[in-house]
Amino acid sequence: MVRVRFAPSPTGYLHVGGARTALFNWLFARRHGGSFILRIEDTDTERSSAEMVTGILDGMGWLRLDWDEGPGIGGPHAPYFQSQRYDRHRAAAASLVAAGRAYYCYCSAERLREERERAEARGEAWQYDRRCLHLTPEEIAANEAARLPHAIRFKVPSGKTAFDDVVHGHIEFDAAHIEDFVIVRSDGHPIYHLSASVDDIDMAITHIVRGDDHISNTPKHVLLFRALGAQLPVFAHVPLILGADKQRLSKRHGATSVMEYERQGYLRDALVNFLALLGWSPGDDRELMSREELIEAFTLEGITGSNAIFDVAKLDWMNGQYIARMSTGQLAAAVIPLLVQQGLWASSTPPSEWVMRLLELLRPRAKRLTDFVEQARPFLAETVEYEEDAVTKHLGVPHLTDHVHALAHALREVMPFDEQHVEAAVRRTAEQQDIKAAPLIHATRVAVTGRTASPGIFEVLVLLGRERTLARLAQLGAFLESRN
């Protein structure tokens, strides 16, 4: 059975790179009817926090990447917090020492620093010189009797360390470039390499799908797997996600926390669809894919070896496509809570037919749910605030006050107040006032929305209704008179 894991470190919230890795693991497990394990690798005690754990779980929950074993669920290989598995890691380290695959290192931090500085002064790359590997049993006994602090180092065998990667093919590392790395620090804390490898073995992980930045760690993990007598899992290292400037995605590129994308108005399914296509292809030209379609199509072989570009414009387009496919009821359920947050809608007021019409009017121009809030504001606010650009661009028409009063008079008499008759009244008024229709239409848009752009102006006027339209034309008239 396929068993994969997502093992984030709670030193930060769930970012899009981690979410994409989690998604690939989740899709692979669901594709093969396997198990998806969530394991929190909180060995960095100084930087890890409960708040960050909550942030990771919240992000996974929002994306609906449900796990089969892990925090809040448990499972046969609990606990799923690495910091609670230290005894197991230390026992594995002790077994490696007993087997001659690891050894105690009593070297002080000062000695190691001095050796490193000497090597750098010679222009050489520094590696541990294995001084403690050659200690006699008597020297070791004396050090232990003196209670000297010691780390545990893994004894790297000579030769090549190789593994096959589903994405990158055959990869080899020369042991000459891998020092005898520490697996347990002198304070007794196991190092990531040991903890991750032991946990992967104990949890029977069959496939390790993680970022390219772990490739340099993998030879150490391969050595540990073999030294502990375990079968190697299948490795698949996925490409990194870069910003538009081809630099690794970071805070300077905008939101990187998954929950920040929710706050910015992205739909979870749109973000999942977008992330799935960052470094993976279904093998055809499909772009809009449901979860079911992603699961059916996902293979590790479909992961590309080149880095992926996080294109916000593409995400906006995809999110807009998902918004366009929502039913009016689904759209209202997603948008109205945002309107409530902004004080534009009373939480106790159920959605009316009018607000449903408003959402449909705004839908073609919305790429994010938050777009509805800004676009709906003129429709839901009591008064209109005029944008400076709108005033400058469209309210400098000569005798505009007279034209606005004439239009108000015409709209007061329109029957019925529908798009056809409203449009006819606006164009007829422009003709009677001896101006082109466009300036009057633009000024009317500013009157009712305060902006230079909006949905079709005649649809807007009809949705606002006769009385609100007349009130806003009167407000514009008073504004224009105050400027004269």
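To start, this report covers the structure provided alongside it. Because the structure is a prediction, the values reported are computed rather than measured.

1. Here we look at the pairing of strand S5 (residues 160-165)
Pairing analysis gives 6 bridges linking S5 to strand S6 (residues 169-174), with the strands arranged antiparallel. Across the sheet, Asp164 pairs through a bridge with His170, a residue of S6. Where S5 folds back onto S6 in an antiparallel hairpin, the turn is made up of 3 residues.

2. Description of the layout of surface pockets
Here the largest pocket defines a volume of roughly 1100 Å³. As for the largest pocket, its lining consists of 35 residues, of which Ser9, His15, Gly18, Asp213 and Arg248 are closest to the centre. At the level of elements, strand S1 (3-6), helix H1 (16-31) and strand S8 (207-211) are the ones that each hand at least two residues to the lining of the largest pocket. By residue number, the principal contributor to the lining of the largest pocket is H1, which donates 5 residues. Residue classes in the lining of the largest pocket are distributed as 13 nonpolar, 13 polar and 9 charged. Along the wall of the second largest pocket there are 23 residues; nearest its centre are Tyr266, Leu267, Arg268, Ala334 and Leu369. Mapped onto the lining of the second largest pocket, the elements with two or more residues apiece are helix H8 (258-263), helix H9 (268-276), helix H11 (312-325), helix H12 (328-341) and helix H14 (369-380). Examining the composition of the lining of the second largest pocket, we find that 6 residues originate from one element, H12, more than from any other. Across the lining of the second largest pocket, the residue classes break down as 11 nonpolar, 5 polar and 7 charged.

3. So, the packing of aromatic side chains
Two measures describe an aromatic ring pair: the distance that separates the ring centres and the angle between the ring planes. All chains considered together, the criterion is met by 9 aromatic pairs. Relative to Tyr106, the ring of Tyr104 lies with its centre 6.3 Å away and its plane at 90°, an arrangement referred to as edge-to-face. Judged by relative accessible area, Tyr104 falls into the partly exposed class, the value being 27%. Ring-pair connections join several aromatic residues into one group, and the members of that group are Tyr261, Tyr266, Phe274 and Phe310. Above the face of the Tyr128 ring, Arg153 is positioned so that its terminal group lies 3.8 Å from the ring centre. The ring of Trp26 is capped by Arg291, whose NZ or CZ atom sits 5.9 Å from the centre of that ring.

4. With respect to the environment of Ser347
Mapped onto the elements, Ser347 comes out in the loop between H12 and helix H13 (353-362). Accessibility expressed as a relative area gives 65% for Ser347, which makes it exposed.

5. Digging into the sheet that holds strand S7 (residues 182-184)
What the 3 strands build is an open sheet, ordered S3-S4-S7; its pairing is antiparallel. Since the sheet does not close on itself, it has two edges, and those belong to strand S3 (102-105) and S7, each with one partner. Each strand of the sheet is rotated relative to its neighbour by a mean of 40°, with strand direction disregarded. In this structure, strand S4 (residues 151-154) lies alongside S7, joined through 2 bridges in antiparallel fashion. Counted as the bridge partner of Ile152 is Val184 from S7.

6. Considering the packing of H1 against H9
Direction vectors running N to C along H1 and H9 enclose 85°, while the axes themselves pass 9 Å from each other. As judged from the angle between their axes, H1 and H9 are roughly perpendicular. Note on element contacts: H9 touches H1 through Val272, Leu275 and Ala276, opposite Val16, Ala19, Arg20, Leu23, Phe24 and Leu27.

7. Here we look at the nonpolar core
One finds Phe36, Met60, Leu63, Leu275, Phe310, Leu339 and Leu411 to be the most contacted residues of the largest nonpolar core, which totals 110 residues. Ignoring anything within four residues of it in the chain, the contact list for Met60 reads Phe6, Leu14, Ala22, Phe36, Leu38, Leu65 and Trp67. Counting 17 residues, the second-largest nonpolar core is a separate cluster that includes Ala92, Val156, Leu223 and Leu224.

8. A few points about the pattern of salt bridges
Pairing is possible between side chains of opposite charge, provided their charged atoms come close. All told, the structure shown has 29 salt bridges when counted by the stated rule. A salt bridge links Asp316 to Arg368; the shortest N-O distance between them is 3.0 Å. With a gap of 52 residues between them, Asp316 in helix H11 and Arg368 in the loop between H13 and H14 connect regions that are remote in the sequence. By relative accessible area, which is 12% here, Asp316 ends up buried. Salt-bridge contacts for Arg451 lead to Glu387; the nearest nitrogen and oxygen are separated by 3.8 Å. Separated by 64 residues along the polypeptide, Arg451 in the loop between helix H18 (437-449) and helix H19 (457-464) and Glu387 in the loop between H14 and helix H15 (388-394) bring together distant segments of the chain. Under the relative-accessibility criterion, Arg451 is labelled buried at 19%. Through salt bridges with shared partners, one network takes in Arg5, Arg39, Glu41, Arg85, Arg88, Asp199, Asp200 and Asp202.

9. As for the environment of Phe235
As for its placement among the helices and strands, Phe235 is situated in strand S9 (residues 234-238). Residue Phe235 is classed as buried on the basis of its relative accessible area of 0%. Measuring from C-alpha to C-alpha, the distance between Phe235 and Ile215 comes to 9.4 Å, with 20 residues separating the pair along the chain. Look past the residues within four positions of Phe235 in its chain and what remains in contact with it is Phe163, Asp164, Asp165, Val166, Ile208, Arg210, Thr218 and Val222.

10. Considerations on the side chain of Asn319
Looking at where Asn319 falls in the secondary structure, it is placed in helix H11. Residue Asn319 is classed as buried on the basis of its relative accessible area, which comes to 0%. For Asn319, the side chain forms a polar contact with the main-chain oxygen of Gly265, separated by 3.3 Å. Residues contacting Asn319, with those up to four places away along its chain left out, are Gly265, Tyr266, Leu267, Ala270, Lys367, Arg368 and Leu369.

How each quantity is defined
- Residues numbered from 1 in each chain as written.
- Predicted model: local features only at pLDDT ≥ 70, side-chain atom pairs only at ≥ 80, totals over all residues.
- Heavy atoms only, no water.
- Pairing = 2+ DSSP bridges.
- Helix = DSSP H or I, 4+ residues; strand = E, 2+ residues; numbered from the N terminus.
- 1 Å grid on protein atoms, 1.4 Å probe; cavity = no way out; pocket = protein on both sides within 12 Å on 5 of 7 lines; lining within 4 Å.
- Points joined across faces, edges and corners; volume = space filled by probe spheres on them.
- Nonpolar A, V, L, I, M, F, W, Y, C, P; charged D, E, K, R; others polar.
- Phe/Tyr/Trp six-rings, centres within 6.5 Å; stacked < 30°, edge-to-face > 60°.
- Buried < 20%, exposed > 50% of the residue type's maximum accessible area, 1.4 Å probe, protein only.
- Lys NZ or Arg CZ within 6 Å of the ring centre and 35° of its normal.
- Axes fitted to C-alpha atoms, helices over the stretch in contact; angles between N-to-C directions.
- Parallel < 35°, antiparallel > 145°, perpendicular 65-115°, else oblique.
- Contact = heavy atoms within 4.5 Å.
- Core = buried A, V, L, I, M, F, W, Y, C linked by side-chain atoms within 4.5 Å.
- Salt bridge = Lys/Arg side-chain N within 4 Å of Asp/Glu carboxyl O.
- Polar contact = N/O pair within 3.5 Å; in protein donor to acceptor, adjacent residues only side chain to side chain.

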